[in-house]
Amino acid sequence: NAGVTQTPKFQVLKTGQSMTLQCAQDMNHEYMSWYRQDPGMGLRLIHYSVGAGITDQGEVPNGYNVSRSTTEDFPLRLLSAAPSQTSVYFCASSRRERDTIYFGEGSWLTVV
Amino acid sequence: GENVEQHPSTLSVQEGDSAVIKCTYSDSASNYFPWYKQELGKRPQLIIDIRSNVGEKKDQRIAVTLNKTAKHFSLHITETQPEDSAVYFCAATRGNNRLAFGKGNQVVVIP
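Residues numbered from 1 in each chain as written. Chains lettered and ligands numbered in written order. Predicted model: local features only at pLDDT ≥ 70, side-chain atom pairs only at ≥ 80, totals over all residues. Heavy atoms only, no water.

What the rule picks out here adds up to 13 aromatic pairs over all chains. Summarising the aromatic geometry, the rings of A:Tyr35 and B:Phe101 are spaced 5.6 Å apart at their centres and angled 85° between planes, so their arrangement reads as edge-to-face. You can see A:Tyr35 sitting in strand β4 (residues 31-38) and its partner B:Phe101 sitting in strand β10 (residues 100-101), one on each of two chains. Note on A:Tyr35: relative accessible area 0%, which makes it buried. Both rings, one in A:Phe90 and one in A:Phe103, keep their centres 6.3 Å apart while their planes meet at 85°; by these two values the pair is edge-to-face. Note that A:Phe90 is positioned in strand β9 (residues 87-94) and A:Phe103 in strand β10 (residues 102-103), a separation of 13 residues in sequence. Here a set of aromatic residues connected by ring pairs shows up, and it is made of A:Tyr35, A:Phe90, A:Phe103, B:Tyr36, B:Phe89 and B:Phe101. The ring of A:Phe74 has A:Arg68 sitting right over it, with the charged end atom 6.0 Å from the ring centre. (Phe/Tyr/Trp six-rings, centres within 6.5 Å; stacked < 30°, edge-to-face > 60°. Helix = DSSP H or I, 4+ residues; strand = E, 2+ residues; numbered from the N terminus. Buried < 20%, exposed > 50% of the residue type's maximum accessible area, 1.4 Å probe, protein only. Lys NZ or Arg CZ within 6 Å of the ring centre and 35° of its normal.)

Moving on, we get to the sheet that holds strand β8 (residues 72-77) of chain B. All names here are of chain B. Here 5 strands make up an open sheet; going across it, the order is β1-β3-β8-β7-β6 and the pairing antiparallel. The strands lining the two open edges of the sheet, one partner per strand, are β1 (4-7) and β6 (56-59). Along the sheet, successive strands turn relative to each other by an average axial angle of 15°, direction set aside. As judged from the 4 bridges shared by β6 and strand β7 (residues 62-67), these two strands associate in the antiparallel manner. Bridge pairing links Asp 59 to Ile 62 in β7. (Pairing = 2+ DSSP bridges. Axes fitted to C-alpha atoms, helices over the stretch in contact; angles between N-to-C directions.)

Residues and elements named next belong to chain A. Spatial strand order, β1-β3-β8-β7: 4 strands in an open sheet with antiparallel pairing. Both edges of this open sheet fall to β1 (4-7) and β7 (64-66), since each of them pairs with a single strand only. Neighbouring strand axes in the sheet, compared pairwise and without regard to direction, differ in orientation by 20° on average. Of the strand pairs in this sheet, β7 and strand β8 (residues 76-78) are connected by 3 bridges, and their pairing is antiparallel. Bridged to Tyr 64 within β8 is Leu 78.

Encoded structure:
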C-alpha cells in the first residue's frame with residue numbers, strides 16, 4: 001500500500017512548455033484533488049474529482065487541466081507553463097466525504 | 001467561496017507550555033475541519049480533525065474545539081515538545097472534500 005504517489009518530485013520547465021504531473025493512489029479512494037502551495041499562501045485547490053469521469057474546478061484552475069479516467073489516477077496537465085506556476089504541487093485523496101485526506105509527497109516545479 | 005483565516009502567524013512557546021492556534025471561517029455550511037502539521041520540505045500530515053456535529057475532540061496532547069455560532073475552531077497543544085515545532089494549517093470544507101486552507105502558523109518550541 002503505497003498511499004498517494006506523485007511524479008516527478010522535481011521539474012524545471014521553460015516558459016511555454018507543457019507537462020503532466022502524475023498522481024496515483026492505491027487505496028481505492030473516490031475523492032482526489034490537486035493543490036498548489038506558494039510561500040505565505042497556504043494550499044489552494046486547483047481541481048478536484050469525486051469519482052472516475054467526474055472533475056471540477058477549484059479556486060485556481062486557470063492554466064491547468066485534469067482528467068479522471070480511472071479511480072487510481074488523477075494527472076494534472078500544465079498547458080503552457082508560466083513563471084507564475086512555479087510552486088509546490090500536492091495531490092490528495094480520500095475515501096469519502098469528511099474522511100481523512102491523504103497527501104502525496106509533493107512535486108516541486110520551477111518555470112524559467 | 002470559503003475563506004479561512006489563522007492567527008497568530010508565528011507562535012513561540014517554552015517547552016512544556018501550551019500552544020493555541022485559532023482559525024475563523026466564513027461559510028456557515030462548512031462541516032469538516034482538519035488540522036495539518038507540515039515540516040519543512042514535507043507533505044501536510046493530518047494531526048486531528050473535527051466534524052460539525054461535534055464541539056470538541058481530543059487525541060493525547062492535541063485537542064480541537066469548534067464554535068459553529070462564532071465560526072471559529074482552535075487547535076490546542078499541551079506539554080509542547082521540540083518536535084512540535086512546525087507549520088500548522090487549519091482547513092474547512094462544505095462538501096466534496098474541497099479544502100480551503102488558512103495561511104499557516106509557524107510554531108516554535110523553545111527548549
